[in-house]
Amino acid sequence: MKILHFKSELRFLLKEARIKRNKIGFVPTMGALHPGHISLIERAKSENDLVVCSIFVNPTQFDNPEDLKKYPRTLEQDCFLLQEAACDVVFAPSAQEMYPQLPELSINFGNLETVMEGAFRKGHFNGVGIVVAKLFHIVQPDNAYFGLKDLQQVAVLNRLVRDLDFDLNLIACPTKREIDGLAMSSRNVRLSKEARMIAPNIYKSLNMAKNALLAGKSSSEVKDDILLFYEDLPEFKLEYFEITDFENLQNIVDFRPGKKTALCVVAYLDGVRLIDNLVF
Ligand code: PAF
């Protein structure tokens, strides 16, 4: 496995691969890899000739400097896991390498950025969109893999690929969960032992909401139930719980079974921002 830090060396290596008509799979990450990421690498391995994983904690997508500072950075361990998963190339650039100057361009994702993550994390999707567009230009993959835990990110990136005509397939892969239901996330390592024990309540709340909607409760009744659920668990600070249309992620005021729906939640626990969703 090659570990590269510079765009020029990665471009050179991939040019060679393209001449050999190798199919390139790409898994962009911010490191602190867990089995969810590794499942993306494995999928990419099974569908491509060469797999590139980028590890870059992208400062421009953090609206909270504390969150950026605390984001786990574990490059050595990540490379060990990637080597075991038979990843071919790791691209781990510095911030200076990715941003010799800060981008002046900004991307507006329309109605996708006025809700949920877009509403609560100002500038987040602009930061994600720009760094992913830069990485797509550098790697020029045939297939790029993202986890559905960040459902809104997948929607935003689908729009980026469509509107800017990137010549690649964006492949959204299912959320990996711990045995107790907690969605795997790089942030989970920051939870105390006590917080980790109660963290699966997030997934529990999503399932409760799904069952209540399917049993005929209205969207507003279910939202009230979820607020009460979190009021009974004062360790959590609920940021939002939304019942949304799976396609455009806009609020569903009047839920009807049969339409693909995404329940989306963000809650702080132990000062850690946890995100999850359930699609049905
Ligand atoms: O999902 C992530 O880890 C990041 O948002 C991404 C896509 C690597 C962009 O920095």
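**Overview of the sheet that holds strand 9 (residues 272-279)**
Now for step 1: Within the open sheet, the three strands sit side by side as 7-8-9. Their pairing is antiparallel. This sheet does not close on itself; its edge strands, each paired only once, are strand 7 (236-245) and strand 9. For this sheet the average axis-to-axis angle between neighbouring strands, irrespective of direction, equals 15°.
Now for step 2: Looking at chain direction, strand 7 and strand 8 (residues 261-269) are connected through nine bridges and run antiparallel. Residue pairing in the sheet places Glu242 in a bridge with Cys264 of strand 8.

**What about the pattern of salt bridges?**
Now for step 1: Under the defined criterion, the tally for this structure stands at 17 salt bridges.
Now for step 2: Of the charged contacts, one joins Arg187 and Asp67 as a salt bridge, the two residues approaching to 2.7 Å between their closest N and O atoms. Within this pair, whereas Arg187 is found in the loop between strand 6 (169-173) and helix 9 (193-198), its partner Asp67 is found in helix 3 (residues 65-70), the two being separated by 120 residues in sequence. Accessibility assignment for this pair places Arg187 and Asp67 in one class, buried.
Now for step 3: Close ionic contact of Arg190 with Asp67 constitutes a salt bridge, the shortest N to O distance being 3.5 Å.

**What about the environment of Asn143?**
Now for step 1: Examined against the element boundaries, Asn143 turns out to sit in strand 5 (residues 143-147).
Now for step 2: With 132 residues separating them along the chain, Asn143 and Arg11 place their C-alpha atoms 17 Å apart.
Now for step 3: Contacts of Asn143, omitting those with residues within four sequence positions, involve Lys23, Ile24, Gly25, Phe26, Glu47, Asn48, Asn169 and Ile171.
Now for step 4: In terms of polar contacts, Asn143 uses its side chain to reach the side chain of Asn169, at 2.8 Å.

**Let's talk about the packing of helix 10 (residues 201-214) against helix 11 (residues 219-231)**
Now for step 1: Interhelical geometry of helix 10 versus helix 11 gives an angle of 155° and a closest axis separation of 10 Å. By the angle between their directions, the pair helix 10 and helix 11 is classed as roughly antiparallel. Seen along the crossing, helix 10 lies across helix 11 with a hand that is right-handed. Counted together, Asn201, Ile202, Lys204, Ser205, Met208, Ala209, Ala212 and Leu213 of helix 10 and Ser219, Val222, Ile226, Phe229 and Tyr230 of helix 11 form the full contact between these two elements.
Now for step 2: For the contact of helix 10 with helix 11, a count of residues per class yields nine nonpolar, three polar and one charged.

**Quick notes on the sheet that holds strand 1 (residues 2-4)**
Now for step 1: Spatially, six strands are ordered 1-4-3-2-5-6 in an open sheet, and the strand pairing comes out parallel. This sheet does not close on itself; its edge strands, each paired only once, are strand 1 and strand 6. Adjacent strand axes in the sheet meet at a mean angle of 25°, parallel and antiparallel pairs treated alike.
Now for step 2: Inspection of the sheet shows strand 3 (residues 50-55) paired to strand 4 (residues 89-91) by three bridges, in the parallel sense. If you follow Val52 over to strand 4, its bridge partner there is Val89.

**Topic: the environment of Leu278**
Now for step 1: Tracing the sequence through the fold places Leu278 in strand 9.
Now for step 2: In this structure Leu278 comes out as buried when scored by relative accessible area, which is 11%.
Now for step 3: C-alpha separation for the pair Leu278 and Cys264, spaced 14 residues apart in sequence, amounts to 6.7 Å.
Now for step 4: In contact with Leu278, not counting residues within four places along its chain, are Tyr203, Leu206, Asn207, Lys210, Thr261, Ala262 and Leu263.

**Thoughts on helix 2 (residues 35-47)**
Now for step 1: The end-to-end C-alpha distance of helix 2 is 18 Å, a good match for the 18 Å that 13 residues give at a rise of 1.5 Å each.
Now for step 2: Regarding helix 2, the residues found buried are Gly36, His37, Ile38, Ser39, Leu40, Ile41 and Ala44.
Now for step 3: For helix 2, the secondary structure elements touched by its buried residues are strand 2 (24-29), strand 3, helix 4 (75-84), strand 5 and strand 6.

**As for the nonpolar core**
Now for step 1: Among the nonpolar cores identified, the biggest contains 47 residues, and Leu10, Val52, Phe136 and Leu160 are the most heavily contacted of them.
Now for step 2: Going through the elements one at a time, helix 1 (7-19), strand 2, strand 3, strand 4, helix 7 (124-139), strand 5, helix 8 (151-163) and strand 8 are the ones with two or more residues in this core.
Now for step 3: Here the element with the most residues in this core is helix 7; it accounts for ten residues.
Now for step 4: Apart from the residues lying within four places of it in its own chain, the contact partners of Leu10 are Leu4, Val52, Val89, Phe91, Ile138 and Val139.

**Some details on the packing of helix 1 against helix 7**
Now for step 1: Where helix 1 meets helix 7, the axes come as close as 9 Å, and the angle between the chain directions of the two elements is 50°. Judged on the interaxial angle alone, helix 7 and helix 1 are oblique. Here Lys7, Leu10, Arg11, Leu14 and Arg18 of helix 1 lie close against helix 7, whose contacting residues are His137, Ile138 and Val139.
Now for step 2: Looking at the contact of helix 1 with helix 7 residue by residue, the classes come out as four nonpolar, one polar and three charged.

**Looking at a negative patch on the surface**
Now for step 1: A contiguous patch of negative charge, built from Asp49, Asp142, Asp165 and Asp167, is present on the exposed surface.
Now for step 2: Take Asp165: it is sitting in the loop between helix 8 and strand 6.

About the criteria used
Residues numbered from 1 in each chain as written. Predicted model: local features only at pLDDT ≥ 70, side-chain atom pairs only at ≥ 80, totals over all residues. Heavy atoms only, no water. Pairing = 2+ DSSP bridges. Helix = DSSP H or I, 4+ residues; strand = E, 2+ residues; numbered from the N terminus. Axes fitted to C-alpha atoms, helices over the stretch in contact; angles between N-to-C directions. Salt bridge = Lys/Arg side-chain N within 4 Å of Asp/Glu carboxyl O. Buried < 20%, exposed > 50% of the residue type's maximum accessible area, 1.4 Å probe, protein only. Contact = heavy atoms within 4.5 Å. Polar contact = N/O pair within 3.5 Å; in protein donor to acceptor, adjacent residues only side chain to side chain. Parallel < 35°, antiparallel > 145°, perpendicular 65-115°, else oblique. Left-handed = near helix turned anticlockwise from the far one by under 90°. Nonpolar A, V, L, I, M, F, W, Y, C, P; charged D, E, K, R; others polar. Expected span 1.5 Å × (residues − 1). Core = buried A, V, L, I, M, F, W, Y, C linked by side-chain atoms within 4.5 Å. Patch = residues over 30% accessible without salt bridge, like charges linked within 9 Å, V, L, I, M, F, W, Y side chains within 5 Å. Areas by Shrake-Rupley, 256 points an atom, 1.4 Å probe, with all protein chains shown as cover. Lys, Arg positive; Asp, Glu negative; His and termini not counted. Charge placed at Lys NZ, Arg CZ, Asp CG, Glu CD.

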